[in-house]
Amino acid sequence: MTTYPVLTVTTFLPLVGAAAIPVCRERQARWIGLATTLSTLAVSSPLYFGFDKASSALQFVEVVPWIPSWRVTYAMGVDGISLPFVFLSTVLSVLCIGASWSAIQVRPREFYTAFLISETAMIGLFTATNFFLFYVFWELMIVPMFLIIGTWGGDARVYAAVKFLLFTLAGSLLMLVGMISLLHASGTLDFRALAATRLTLETQAWLFAAFTAAFGVKVPMFPVHTWLPDAHTEAPTAGSVILAGILLKMGGYGLLRIGLPILPDAVRFFLTPMIALSGVAIVYGAYVTLAQTDVKRLIAYSSISHMGFVTLGIFTLNRNGIEGAILQMINHGIITGALFVCIGMIYERTHTREILAYGGLFKLAPVYSTLFAVFCLAAIGFPGLNAFVGEFLIISGAFSVWRGLGVMAIWGVALGTTYILWLYARVVLGDAGPGVRGLRLDLNVREVATLLPLVILAVVIGVYPESVLGFLRASVAQLLTTVAVAHDVGGGL
Amino acid sequence: MKLLERHLEDPGRLLRLKRWCYAGLIVLAMSEVLAPRLFHAERAHFWFEDLPAWGSLYGLASCAVIIVVSKLLGKLWLSRPETYYDG
Amino acid sequence: MTVEWVHPGLLLIAGAWILPLIRGWTKRAVMVLLPALALIDCVLMKPGTYGVVHALGQELVFGRVDRLSVLFSYVFALLALIGMIYALHVDDDAQHVAALSYAGAALGAVFAGDFLSLFLFWELMALSAALIVWLRRDRGAVAAGFRYLLVHLFGGVCLLGGIAFYWSQTGSLTFGDMSPHAGSAAFTLILLAFLLNAAAPPLGAWLPDAYPEATATGAVFLTAFTTKSAVYALIRGFAGTDILVWWGAAMAVYGVVYAVLENDARRLLAYHIISQVGYMVCGVGIGTQLAVNGSASHAFAHILYKALLFMGAGAVLQVTGLRKLNEMGGLYKTMPITLALYMVGAFAISAVPLFSGFVSKAMVVSAAGESHLAGAFLLLTVASSGTFLHTGLKLPYYMFFGRDRGLRAQEPPSNMLVAMGLAAAACLGIGVFPDLLYGYLPYPVDYAPYTTRHVTATLGLLGFTALGFFLLLKHLDPEPIISLDTDWFYRRGLSVSLAVTQRGLGRVEHVVARISDAIVRGPVLAVATCLRELDANVIDAAAVGIGRLTQAVSWRLSRSVSGHPQHYALVMAIGVLVAIAFVMFGP
């Protein structure tokens, strides 16, 4: 047992750092940011070493009564499903500080403050065990992201930030309404207790519609995905990494934490349209990605396709699919985060995102080209790297439900291969394009140090997926019994 | 390779070489017809293998057909200038 | 601790990374030592199942050692050795690492006992082969390598789909005979993936596209591994699949037809690979023991003589810098040894008696005969004639003889000649002593290639093909053209369809964005405007109104204050009387 409340400290340490920044000098802001995120990572390490993988119960629980008259408690805890996301949040935060080190020149104090507040919100969301706390952190996330996109972003940043704000707020308004009705219907807001209650199908259906609107916007599911390309493209590198790496996963996590266990009958009622939308997201997202000429936009659209895989995996309601979906969310966070960091590094030097302006980086920046190649191979789903395992699990899960889904998933993988290879060929191979000639392009030590942990993670998870799957297993099994669907056929893990 | 050079460069020698080659071909065709009769030959799989000098005839025919058909295919359909894909 | 089994592929893949760290003679020695060690490893192997790893809840088998896999491993390792000797003069570490990784991945694929490890090595082969092509480092090579990788990764996705189907249907990942699943989606997808790697038309246009673009030394490696590991995989899983008989026979003729039109020496040889692999695929389709033996032995022999042919053409490329037939000629005077060694390979591929091709091709054709497949038999024989026509006659004629263009040339570096000599020795050795090879074939061999009928028929076939060649010589003059193949679809066709997709989908995305914008932003902004109106006109107005009213009242009140005390006393008195009345009579 640890001597301090791990989860609370992990969640609020960034906030402490955020409080310290405004009083310091501008040049010190990023150092405080780095120190805070590293400490957060360090402070959270007992979570991984002390976790009991065989148990599906909540661990490291901390409960403090807060507003008794509304039956609201401050309750935190992690299980196998939330723990990988906490890890992802803490690690990506550190790497974002590294990626923003030289990119944020204007008002760094405000930036790092906003960033650290968003880190608190991220970790808090994944560790909250009741709906009220979940909602608080959900809302808390929105403002710093809005500021980050709107202040430090690209040319169309205000438009992108406002669009992000409106879409997300519309969703969270519905979530608030849903939350209150849930409180009325069942009398509690604790996730475990809610999972045990059984509501009528009608209630569930309305609640599901409300929550799916909120989570669907975040994931994003087709057709409410249109905020994503603008937000990802206009945000600064750290913003894009957090958006792609964590924010999208909040939607998926919401579906797993709230949608499936609390509203299982509604889930089965709406299964077909949900699966259909996932399939559409995979294929449509991939096709639209092929048409992009802006590097960041290309990766942003590819996220729509990859998250389509994730929702497909979730809605297969079998073990392979859900384990694959969670693993793939972690993988996507690592890979897409890495790709955005790579693009950001080049953008810092060339100040253009047009793919046609690139080319020939192989000769100008060999170290960069090699690292970029690793991440592109990972994005394709090359065996030996992380995404392969997740994709394989999701595809097998999809095949158990309906052949056609497996085919759509495979088609998505094929298209993914095409656009990633095209991206790589255009950026790295061939002759130097007009945007890159004559620039000093190769990476400095800090940038390599930022990318290296991502490479290591991609390889380790690819070669030894048990490192992540081991944590998930028990909790996913328990989730499935809650949803009360038979286990998948065909071997399984 | 001086031997070869001498034979190929000198027209007189080249003509003699060609005559020897034609003779050789006739020997080959004859041996194809005669050898299975003179020496023990295994059963043929198909009826056409028993045609006299079927290998020689089939070889000549195949060669001609391949060249003609391929050239036709090329002229009518498949051939393009070298720079076709460079555009 | 005794080591039970060392994976020769991993030996090559891992060992390759030593090369960048050393130089000079040590490097040369290691370059030759690594494949030699792998070959020794293969020779010393005993049949069994090794390298079993538990992952993802399944058993992954990395070392399935039986007669079939060991046969292929011998020739792969041998070729890796010959190829490295051929490449000793090359100073580019990246090429050596890529080549050894490629060979190692092929060995891995051959020993894979389950689909997942097969897939891993399949993809690794694709990646390392693409690297080999890229490493010539000029624009044509970069583009060709990219196309190669694209096609092969697509094939990998096809394979992955088939594997996933197979897993969901059977629950196991073991790679074995697929005939119980004939006709299922898994069967089709996996077969297509294997055929793509085997360069079966229409899936095989990548081969003549990419192989000529590699370096002289890189191409030698390329010829052996991808296609032959695909043949191995077909033998393992699809022996007896009837459609392969016709597909293979068609392949054999297809390669020969395209070769007539070819101007690039190595592209011509590449089309011949397709033709020869056609024999092997046809043998797999026939499925009898003789046929499978034939495919395996033909694969063995083909690797060696094809490498020899590419080495010869590569030597010419290396020394003269030329690759197109219409620019070559008269080289027999200055490169006689290369010519002689090349001709050994040419005779081998043409199945001239006393060379390796004769003893291996004979098996496949006889198998077709024994199964009474007259059509396949005839087609394969046509292809034999065509093979000699191109590789044994056209190519050497235009490369070494033909019009003397006064090219200054000399023999290539001695390591290249040594490598070629080794391969030539193998071709002759197997031809003269066929039992050397027959002893290792998967099934017991009851076949004698040197029969009267066969020898005389073959000699007649070849001799009269030569006659035809010389009679029609003027029609065969090479011209600077290329021929369209199915790669048109992803070289031209793709950009057309991509443009259509982009415009169409771009419009769809635009519409979706406008709609969701309208749904979300529209109402929100409308409500905001409404509220602003409310705020400005009603609430604000109300507030202002109340303010004005208060002002008016207070002004009136201030007017009513007159300053006279009797008015104040009157008001006070009335107020007291009203209060008393209220208390006495009120509620």
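As the structure is a computational prediction, the values presented were derived from the model and not from experiment.

## Here's the deal with the pattern of salt bridges
Line of reasoning, step 1. In this structure the tally under the stated criterion is 19 salt bridges over all chains.
Line of reasoning, step 2. Measuring nitrogen to oxygen at the nearest pair gives 4.0 Å for the salt bridge that ties A:Arg109 to A:Glu26. Taken as a pair, A:Arg109 in helix 5 (residues 108-127) and A:Glu26 in the loop between helix 1 (6-20) and helix 2 (29-43) lie far apart in primary sequence, 83 residues in all.
Line of reasoning, step 3. Classification of A:Arg109 by relative accessible area gives partly exposed; the value is 24%.
Line of reasoning, step 4. Judged by its relative accessible area of 41%, A:Glu26 is partly exposed.
Line of reasoning, step 5. Salt bridges linked by common partners bring C:Arg136, C:Asp138, C:Glu213, C:Asp264 and C:Arg323 together as one network.

## Concerning the interface of chain A and chain C
A common way to report how large an interface is uses the accessible area buried once the components associate.
Line of reasoning, step 1. Each partner contributes to the interface: chain A provides 46 residues, whereas chain C provides 40 residues.
Line of reasoning, step 2. Summed over the three residues of chain A that lose the most area to chain C, namely A:Phe382, A:Phe392 and A:Leu421, the buried surface amounts to 16% of that side.
Line of reasoning, step 3. Connecting chain A to chain C are zero salt bridges.
Line of reasoning, step 4. Where chain A packs against chain C, one counts zero residue pairs in polar contact (both at pLDDT 80 or more).
Line of reasoning, step 5. Of all the secondary structure elements, the ones that give two or more residues to the side of chain A that touches chain C are helix 7 (157-186), helix 13 (271-290), helix 17 (366-380), helix 18 (386-401) and helix 19 (403-428) of chain A.
Line of reasoning, step 6. Along the lines of polarity and charge, the residues of the side of chain A that touches chain C split into 32 nonpolar, eleven polar and three charged.

## Things to note about unusual backbone geometry
Line of reasoning, step 1. Omega for the bond connecting A:Val219 with A:Pro220 falls within 30 degrees of zero, at -10°, which places this linkage in the cis form.
Line of reasoning, step 2. Cis geometry is adopted by the peptide bond preceding C:Pro202, which originates at C:Pro201 and carries an omega value of 5°.
Line of reasoning, step 3. Inspection of the secondary structure assignment puts C:Pro202 in the loop between helix 7 (185-197) and helix 8 (206-210).
Line of reasoning, step 4. The phi dihedral of A:Phe60 is positive, around 55°, even though this residue is not glycine.
Line of reasoning, step 5. One non-glycine residue with positive phi stands out, namely C:Ala199, at about 65°.
Line of reasoning, step 6. Checked against the element boundaries, C:Ala199 lands in the loop between helix 7 and helix 8.
Line of reasoning, step 7. On the basis of relative accessible area, C:Ala199 is assigned to the buried category, the value being 1%.

## Some thoughts on the environment of C:Ala87
All names here are of chain C.
Line of reasoning, step 1. Within the secondary structure layout, Ala-87 lies in the loop between helix 3 (67-86) and helix 4 (93-111).
Line of reasoning, step 2. Using a relative accessible area of 3% as the deciding quantity, one classes Ala-87 as buried.
Line of reasoning, step 3. With 16 residues separating them in the primary sequence, Ala-87 and Ala-103 have C-alpha atoms 14 Å apart.

## Quick look at the side chain of A:Ser303
Line of reasoning, step 1. The residue A:Ser303 is located in helix 14 (residues 295-315) in this model.
Line of reasoning, step 2. Setting aside residues no more than four positions away along its own chain, A:Ser303 makes contact with A:Ala244, A:Leu248, A:His332 and A:Thr336.

## So, the domain arrangement of chain B
Line of reasoning, step 1. You can read the domains of chain B as domain 1 (1-41) and domain 2 (44-87).
Line of reasoning, step 2. Relative placement of domain 1 of chain B and domain 2 of chain B: their C-alpha centres are 24 Å apart.

## Concerning the side chain of B:Ser70
Line of reasoning, step 1. In this fold, B:Ser70 is placed in helix 3 (residues 54-78).
Line of reasoning, step 2. Within the structure, B:Ser70 has its side chain in polar contact with the backbone oxygen of C:Val257 (distance 3.4 Å).
Line of reasoning, step 3. With sequence-adjacent residues up to four places away left out, B:Ser70 is seen in contact with B:Val65, C:Val257, C:Val260 and C:Leu261.

## Section: the environment of C:Asp91
Line of reasoning, step 1. On the secondary structure map, C:Asp91 appears in the loop between helix 3 and helix 4.
Line of reasoning, step 2. Measuring from C-alpha to C-alpha, the distance between C:Asp91 and C:Phe115 comes to 37 Å, with 24 residues separating the pair along the chain.

## So, a nonpolar patch on the surface
Line of reasoning, step 1. Together, B:Val65, B:Val68, B:Val69, B:Leu72, B:Leu73, B:Leu76 and B:Trp77 line one region of the surface with nonpolar side chains, adding up to about 690 Å² of accessible area.
Line of reasoning, step 2. Tracing the sequence through the fold places B:Val69 in helix 3.

## Points about the interface of chain B and chain C
Line of reasoning, step 1. Between chain B and chain C, the contact holds 45 residues from the first and 55 residues from the second.
Line of reasoning, step 2. Taken together, the two surfaces of chain B and chain C that pack against each other cover about 4,600 Å², and 71% of this comes from carbon and sulfur.
Line of reasoning, step 3. The interface formed by chain B and chain C contains zero salt bridges.
Line of reasoning, step 4. Counting across the interface, chain B meets chain C through four residue pairs in polar contact (both at pLDDT 80 or more).

About the cut-offs
- Residues numbered from 1 in each chain as written.
- Chains lettered and ligands numbered in written order.
- Predicted model: local features only at pLDDT ≥ 70, side-chain atom pairs only at ≥ 80, totals over all residues.
- Heavy atoms only, no water.
- Salt bridge = Lys/Arg side-chain N within 4 Å of Asp/Glu carboxyl O.
- Helix = DSSP H or I, 4+ residues; strand = E, 2+ residues; numbered from the N terminus.
- Buried < 20%, exposed > 50% of the residue type's maximum accessible area, 1.4 Å probe, protein only.
- Contact = heavy atoms within 4.5 Å.
- Buried area = accessible area lost by both parts, 1.4 Å probe.
- Polar contact = N/O pair within 3.5 Å; in protein donor to acceptor, adjacent residues only side chain to side chain.
- Nonpolar A, V, L, I, M, F, W, Y, C, P; charged D, E, K, R; others polar.
- Domains from an automatic or database assignment.
- Patch = residues over 30% accessible without salt bridge, like charges linked within 9 Å, V, L, I, M, F, W, Y side chains within 5 Å.
- Areas by Shrake-Rupley, 256 points an atom, 1.4 Å probe, with all protein chains shown as cover.

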